[in-house]
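Residue-level structural notes
Next come the chains, spelled out residue by residue.
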Amino acid sequence: MKISRRRLARQAAVQALYQWQMNPGHCAEIELQFTSDPERLQGADVAFFKSLWQGVCAATSELDPAIAEEVQDRRWADEVSEVERAILRLAAYELRDYPQTPYRVIINEAIELDKDFGGEQGHRFVNAVLDKLAQKWRAAEMLQAGR
């Protein structure tokens, strides 16, 4: 099965976010590392990667409190793994700022990313948190879809 260019861009964005979380630096430096290495973005939609990366970097201070509010049984800063944190930041940004992408696609992509990179049952946690955020930010779309 061929992986879509957007999925590859999301994978790279999660990897960049993980790197940024582990070694905080300037977003522009990490973006340059990814865009200057042809293997890192091979087959990916580079423009989409840049848009996601720059958007999440700029919006983290707004996204984190919104996500933390929905992570009721875990402390966002201490108990959410770095991989899940990266995936949640990326997907939350898309839910909030990419209304042209259906919420179901965003949540499904996040679940698949967590299955690829996260812990054994992490995708369930990611799904639950993103479903709550979608109810806040995509209520009309969810109603229209019959949810």
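These figures come from a predicted structure and were not determined experimentally.

1. Remarks on the state of the cysteines
- Overall, the coordinates contain one disulfide when judged by the stated rule.
- Disulfide pairing is shown between Cys 27 and Cys 57; the S-S distance is 2.3 Å. In this structure the cystine formed by Cys 27 and Cys 57 twists about its S-S bond by roughly -105 degrees; its chirality is therefore left-handed. Of this pair, Cys 27 sits in helix α2 (residues 27–36) while Cys 57 sits in helix α3 (residues 46–70); the two residues are 30 residues apart in sequence, bridging distant segments of the chain.
- By relative accessible area, Cys 57 is classed as buried at 15%.

2. Digging into the pattern of salt bridges
- This structure, assessed with the given rule, holds 11 salt bridges.
- Between Lys 136 and Glu 70 there is a salt bridge, and its shortest N-O distance comes to 2.8 Å. Remark: Glu 70 occurs in helix α3 and Lys 136 occurs in helix α7 (residues 122–137); sequence separation between them is 66 residues.
- Taking the relative accessible area as the measure of exposure, Glu 70 reaches 8% and is therefore buried.
- In this structure, the salt-bridge partner of Glu 141 is Arg 138, at a minimum N-O distance of 2.6 Å.
- The exposure class of Glu 141 is partly exposed, given its relative accessible area of 22%.
- Residues participating in the shared-partner salt-bridge network are Arg 7, Arg 10, Glu 94 and Glu 109.

3. Examining the packing of aromatic side chains
- One pass over the full model with this rule turns up four aromatic pairs.
- Every member of this aromatic cluster is reached through a ring pair, and the members are Phe 48, Tyr 93 and Tyr 98.
- For the cation-ring pair, Arg 6 lies above Phe 48, with the distance from its terminal atom to the ring centre recorded as 3.8 Å.

4. Here's the deal with α3
- With 25 residues, α3 extends only 31 Å from end C-alpha to end C-alpha; this falls clearly short of the ideal 36 Å at 1.5 Å per step.
- Roughly 70 degrees is the biggest bend found in α3, and it falls at Thr 60.
- Of the residues that open α3, the one with a side-chain oxygen 3.3 Å from the backbone nitrogen of Ala 47 is Asp 45.

Rules of the game
Residues numbered from 1 in each chain as written. Predicted model: local features only at pLDDT ≥ 70, side-chain atom pairs only at ≥ 80, totals over all residues. Heavy atoms only, no water. Disulfide = S-S within 2.5 Å. Helix = DSSP H or I, 4+ residues; strand = E, 2+ residues; numbered from the N terminus. Buried < 20%, exposed > 50% of the residue type's maximum accessible area, 1.4 Å probe, protein only. Salt bridge = Lys/Arg side-chain N within 4 Å of Asp/Glu carboxyl O. Phe/Tyr/Trp six-rings, centres within 6.5 Å; stacked < 30°, edge-to-face > 60°. Lys NZ or Arg CZ within 6 Å of the ring centre and 35° of its normal. Expected span 1.5 Å × (residues − 1). Bend = angle between axes of the 7 residues up to and from the residue. Polar contact = N/O pair within 3.5 Å; in protein donor to acceptor, adjacent residues only side chain to side chain.

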